[in-house]
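If you want the building blocks of each chain, they are given just below.
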Amino acid sequence: RKPWPRHRPRNSLLCDMSAAAAQAATHAMHAAQTHEWSVPVIDIAALTSESHADRTEVVAALSAAVLSDGIFAVVGHGIQDDVMQRALAVSKAALQTG
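First things first, this report covers the structure right here in the doc. (Residues numbered from 1 in each chain as written. Predicted model: local features only at pLDDT ≥ 70, side-chain atom pairs only at ≥ 80, totals over all residues. Heavy atoms only, no water.)

1. Considering the overall build of the chain
Stated precisely, the cut-off is as follows: Helix and strand definitions follow DSSP, with helices as H or I runs of at least four residues and strands as E runs of at least two, each counted in order from the N terminus. Burial here depends on accessible area, computed with a 1.4 Å probe over protein chains only, as a share of the maximum for the residue type. Under 20% is buried, over 50% is exposed, and the range in between is partly exposed. Here a residue-residue contact requires only that any non-hydrogen atoms of the pair lie within 4.5 Å.
A count of helical and extended segments in the chain gives four helices and two strands. Secondary structure elements in the chain, listed N-terminal to C-terminal, are α-α-β-α-β-α. Of all 98 residues assigned to the chain, the portion counted as buried reaches 21%. Counting contacts in the chain only where the partners sit at least 6 residues apart, residues at least 24 apart contribute 65% of the total.

2. Things to note about the nonpolar core
To keep it simple, the criterion reads: Here, the term nonpolar core denotes a set of buried Ala, Val, Leu, Ile, Met, Phe, Trp, Tyr and Cys residues that are joined through side-chain atoms within 4.5 Å.
Ile 42, Ile 44, Val 58, Ala 61, Leu 62 and Ala 65 form the largest nonpolar core, which has six residues in total. Setting aside residues no more than four positions away along its own chain, Ile 42 makes contact with Ala 61, Leu 62, Ala 65, Phe 72, Ala 73, Val 74 and Val 75.

3. Thoughts on the pattern of salt bridges
What counts, and what does not: Salt bridges are defined as contacts in which a side-chain nitrogen from Lys or Arg sits within 4 Å of a carboxyl oxygen from Asp or Glu.
The final tally for this structure, using the stated rule, is one salt bridge. The salt bridge involving Arg 86 is made with Asp 82; its shortest N-O contact spans 3.7 Å. With Arg 86 and Asp 82 both in helix H4 (residues 81–97), this residue pair falls four residues apart, about one helical turn. Owing to a relative accessible area of 52%, Arg 86 belongs among the exposed residues under this scheme.

Okay, structure coming up:
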């Protein structure tokens, strides 16, 4: 199975990222080279933090995921599970009737 198409970040970008974001980008580059496929999962709860450093780390992780994978999943968004399940059901129904 072919890996998800990826845009590899430039090494200079890694210097401006937090350690966690740089590690995520490095993992994505390794995955692209070894033909593994996974979607980065990013906890965005800190986006509502008063700490600029916490928000910056989330933004860096999102940026790394977009640049290296072009796709990501988020957790920590605060959307209740029943709301997500209803949205998924409506989406599936719309695709089946279309």
